[in-house]
Amino acid sequence: MAESKVMGHGRAEGKMRLLKRLFLFVSLVVLVAGIGFWMRPVSYLNEVMYAQECLSGIKSTSVQVTGYRIHYLVEGPVDGPVVVLVHGLGSSAEDYRDLAPYLAKTGFRVYIPDLLGYGRSQKPARFSYSVHDEAAIVSGFMDALGLKQVDLAGWSMGGGIVQHVAADHPKQVKRLIMFDSIGIYVVPAWNVQLFTPQTPEQVNQLDALLTPNPAPVPLFIARDIVRISDKRGWVIHRALESMLAGQDATDKLLPQLKMPVLMIWGAEDQIVLLSQAETMHSLVPQSQLVVIPGCGHLAPRVCAAQVATPLLAFEKQ
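Note that the coordinates shown come from a computational prediction; the quantities given were computed from them, not determined experimentally. (Residues numbered from 1 in each chain as written. Predicted model: local features only at pLDDT ≥ 70, side-chain atom pairs only at ≥ 80, totals over all residues. Heavy atoms only, no water.)

K.L.:
I tried to follow the sheet that holds strand E6 (residues 173-179) on my own but got confused; where do I start?
P.N.:
Sheet strands associate in pairs through backbone hydrogen bonding, adopting either a parallel or an antiparallel arrangement. Strand order in the open sheet made by the eight strands is E1-E2-E4-E3-E5-E6-E7-E8, with mixed pairing throughout. The open sheet is flanked by strand E1 (59-65) and strand E8 (287-292), the only strands paired with a single partner. Sheet twist, expressed as the average angle between the axes of neighbouring strands with direction ignored, equals 20°. Bridge count between strand E7 (residues 261-266) and E8: six bridges; the pairing is parallel. Across the sheet, residue Val261 finds its bridge partner in E8, namely Ser287. Sitting on the sheet, helix H10 (residues 304-315) touches strand E3 (82-86), strand E5 (150-155), E6, E7 and E8, and the angle it makes with E6 is about 165°. (Pairing = 2+ DSSP bridges. Helix = DSSP H or I, 4+ residues; strand = E, 2+ residues; numbered from the N terminus. Axes fitted to C-alpha atoms, helices over the stretch in contact; angles between N-to-C directions. Contact = heavy atoms within 4.5 Å.)

Given below as structure tokens:
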């Protein structure tokens, strides 16, 4: 009897030691993960987004375009009409994460490439990263996947890119959509260097340009954004250099477009002013211009529901 009590007591102590070790191990993992998140929050948040994409059935893959690896996301029914969404300067395919589901759930097959130099696509050192050269990549992307007569949409710099695709390869584009898009040549009144912020203060200044009344960016996240900007800003600098020189302006291209064109703008856009949208609208007689009240340059993300309504109506015409 005494021996049984001793053995039982020994097993209980063994379980306690095992639980303590497990607790210490879990605590260590949480501590390391916490330190990692504190030091590299953007990377952690990106991984969370990638996991969410996978769990929601969004396919993440890549294709070779003129020798470069282009990463892209695809969602929606395989046999649905095709929509290709092109992101803007310093962004990635994930910027469409709020808008793309509206298209996919309505029956469209949605392709969202990371432009060369951005997101999870290749970042070659000897590429110009100009709007016109990125347009050649987008056109090549569609060719590589056998996508013909697509509805092509672009946001900000991506809007300038899709204008070039539509002008140079009109047979590839059934309908053209532009969200808060660059195009006509205008010298920005705002500090373009904010697109490669060097301080946490500049991160918040950029945020205030992009969307009305944003919440302050937490300091540890702003510091990580600055770190990434220091590392990858060279791509953005090359793109800006080309745009500011007027090499990619579409003033003369817009009147040549023959396909239906939809322009959707945030009324409070401080990056590409509504007056620029109105000028582009006047250059394309068959275009429609829809203005989203209370939204800024990030309308397709921050105001996705309001953007989706006129977008889906246009797509179904």
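Next comes the rest of the description.
K.L.:
Even after reading the chapter, I still don't get the nonpolar core, so can you show me in this structure?
P.N.:
As a rule of thumb, soluble globular proteins bury nonpolar side chains together. One finds Val84, Leu152, Leu176 and Phe179 to be the most contacted residues of the largest nonpolar core, which totals 85 residues. Sort the elements by how many residues they give to this core and helix H4 (residues 131-144) lands first, with six residues. (Core = buried A, V, L, I, M, F, W, Y, C linked by side-chain atoms within 4.5 Å. Buried < 20%, exposed > 50% of the residue type's maximum accessible area, 1.4 Å probe, protein only.)

K.L.:
What am I meant to see in the environment of Thr66 here?
P.N.:
Tracing the backbone shows Thr66 in the loop between E1 and strand E2 (68-75). In the structure, Thr66 is positioned 70 residues away from Ala136 in sequence and 9.4 Å away in space, judged by C-alpha atoms.

K.L.:
Looking at this model, I keep getting lost on the pattern of salt bridges. Mind explaining?
P.N.:
Tallied over the entire structure, the rule returns five salt bridges. Across the pair Glu94 and Arg120 runs a salt bridge, and its minimum N-O distance is 2.8 Å. Of this pair, Glu94 sits in the loop between E3 and helix H3 (100-105) while Arg120 sits in the loop between strand E4 (109-113) and H4, and the two are 26 residues apart along the sequence. Owing to a relative accessible area of 3%, Glu94 belongs among the buried residues under this scheme. By relative accessible area, Arg120 is classed as partly exposed at 22%. For the salt bridge of Arg301 with Asp95, the shortest nitrogen-to-oxygen distance reads 3.5 Å. Of the two residues, Arg301 is situated in helix H9 (residues 299-302) and Asp95 in the loop between E3 and H3; the sequence distance between them amounts to 206 residues. (Salt bridge = Lys/Arg side-chain N within 4 Å of Asp/Glu carboxyl O.)

K.L.:
Sorry if this is basic, but what is going on with unusual backbone geometry here?
P.N.:
Glycine aside, residues mostly have negative phi, and peptide bonds are mostly found in the trans state. One non-glycine residue, Tyr129, lies in positive phi territory at about 65°. Within the secondary structure, Tyr129 sits in the loop between E4 and H4. The phi torsion at Gln149 lies on the positive side, around 50°, for a residue other than glycine. Take Gln149: its relative accessible area is 42%, and that puts it in the partly exposed class.

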